[in-house]
Amino acid sequence: VQLVESGGGLVQPGGSLRPSCAASGFTFSSYAMNWYRQAPGKERELVASITSGGGSTDYADSVAGRFIISRDNRENTVYLQMNSLKPEDTAVYYCNALRRRIGVKVEYWGQGTQVTVSS
């Protein structure tokens, strides 16, 4: 099983980035996908979620209206379009795959991609 993030980097405030997460080794279309982030000295927080079929999304209040999560189940990839970036968005962003079946939770994590928002 692998989740490989890419597309992070350094961007100025107000700019955009579009990290992606390529999945392999499991049935991607059966899993909800999430993006988390962790800033230095802070706990990991859930940023955005998308259901297995892509029909429903959810966002943290801090990013709602600025970030868009999407997925391509043919390419086994999930994306996070990040717009109007702020310095407080600086963090390592992690991809997460989650499935629950009859009370059993199965999840996988990527290694993270650094996003730095600075002038």
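See the structure printed just above.
Residues numbered from 1 in each chain as written. Predicted model: local features only at pLDDT ≥ 70, side-chain atom pairs only at ≥ 80, totals over all residues. Heavy atoms only, no water.

Asks: Please clarify how the packing of aromatic side chains should be interpreted in this entry.
Replies: Centre-to-centre distance and the angle between the planes together describe a pair of aromatic rings. One pass over the structure, following the stated rule, counts 5 aromatic pairs. Ring geometry for Tyr 31 and Tyr 108: centres 5.7 Å apart, planes at 35°, overall tilted. Linking Tyr 31 in the loop between strand 3 (20–24) and strand 4 (32–38) with Tyr 108 in strand 10 (residues 104–109), this pair joins segments that are 77 residues apart in sequence. Classification of Tyr 108 by relative accessible area gives partly exposed; the value is 24%. (Phe/Tyr/Trp six-rings, centres within 6.5 Å; stacked < 30°, edge-to-face > 60°. Helix = DSSP H or I, 4+ residues; strand = E, 2+ residues; numbered from the N terminus. Buried < 20%, exposed > 50% of the residue type's maximum accessible area, 1.4 Å probe, protein only.)

Asks: I would appreciate a short explanation of the nonpolar core in the present structure.
Replies: Proteins that are soluble and globular tend to have nonpolar side chains buried together. Among the nonpolar cores identified, the biggest contains 28 residues, and Leu 3, Met 33, Trp 35, Phe 67, Val 78, Leu 80 and Tyr 93 are the most heavily contacted of them. Looking at this core, the elements that each hand over two or more residues are strand 3, strand 4, strand 5 (45–50), strand 7 (67–72), strand 8 (77–82), strand 9 (91–101) and strand 11 (113–117). Counting residues per element, this core draws most heavily on strand 9, at 4 residues. Non-local contacts of Val 78, meaning those with residues more than four positions away in its chain, are made with Pro 19, Ser 20, Cys 21, Phe 28, Met 33, Trp 35, Ile 50, Ile 69, Ser 70, Arg 71 and Cys 95. (Core = buried A, V, L, I, M, F, W, Y, C linked by side-chain atoms within 4.5 Å. Contact = heavy atoms within 4.5 Å.)

Asks: Whenever I open this one, the state of the cysteines confuses me. Can you help?
Replies: Structurally, a disulfide amounts to a covalent bond that connects the sulfur atoms of two cysteines. Counted according to the given criterion, the structure contains 1 disulfide. A disulfide bridge connects Cys 21 with Cys 95, and the sulfur atoms are separated by 2.1 Å. Measuring handedness by torsion sign, the sulfur bridge of Cys 21 and Cys 95 sits at about -80° and is left-handed. Within this pair, whereas Cys 21 is found in strand 3, its partner Cys 95 is found in strand 9, the two being separated by 74 residues in sequence. Given a relative accessible area of 0%, Cys 95 falls into the buried group. (Disulfide = S-S within 2.5 Å.)

Asks: Even after reading the chapter, I still don't get the sheet that holds strand 7, so can you show me in this structure?
Replies: Working definition: the strands of a sheet are paired by backbone hydrogen bonds and lie parallel or antiparallel to each other. Ordered in space as 1-3-8-7, the 4 strands form an open sheet in which the pairing is antiparallel. In this open sheet, the two edge strands, each paired with only one partner strand, are strand 1 (2–6) and strand 7. Each strand axis lies, on average, 15° off the axis of its neighbour in the sheet, ignoring direction. Of the pairings in the sheet, the one linking strand 3 to strand 8 comprises 3 bridges and is antiparallel in character. Looking at strand 8, one finds that Ala 22 is bridged to Thr 77. (Pairing = 2+ DSSP bridges. Axes fitted to C-alpha atoms, helices over the stretch in contact; angles between N-to-C directions.)

Asks: Explanation requested: the side chain of Asp 72 in the structure shown.
Replies: Mapped onto the secondary structure, Asp 72 falls in strand 7. The contact partners of Asp 72, leaving out residues within four places of it in the chain, are Phe 28, Thr 77 and Tyr 79.

Asks: So what exactly am I meant to see when it comes to the pairing of strand 11 here?
Replies: Walk down a regular strand and you will see the side chains alternate between the two sheet faces. Going residue by residue along strand 11, you find Thr 113, Val 115 and Val 117 tucked away on one face and Gln 114 and Thr 116 left uncovered on the opposite face. As judged from the 3 bridges shared by strand 2 (residues 9–11) and strand 11, these two strands associate in the parallel manner. Looking across to strand 11, one finds that Leu 10 is bridged to Thr 116. Of the pairings in the sheet, the one linking strand 9 to strand 11 comprises 3 bridges and is antiparallel in character. The partner of Val 92 across the bridge, within strand 11, is Gln 114.

Asks: So what exactly am I meant to see when it comes to the pairing of strand 4 here?
Replies: Counting buried residues in strand 4 gives 5 out of 7 residues, a clear majority hidden from the surface. Of the pairings in the sheet, the one linking strand 4 to strand 9 comprises 7 bridges and is antiparallel in character. Bridging across to strand 9, Ala 32 finds its partner in Leu 98. Across 5 bridges, strand 4 lies against strand 5 in antiparallel orientation. For Arg 37, the partnering residue across the bridge sits in strand 5 and is Glu 45.

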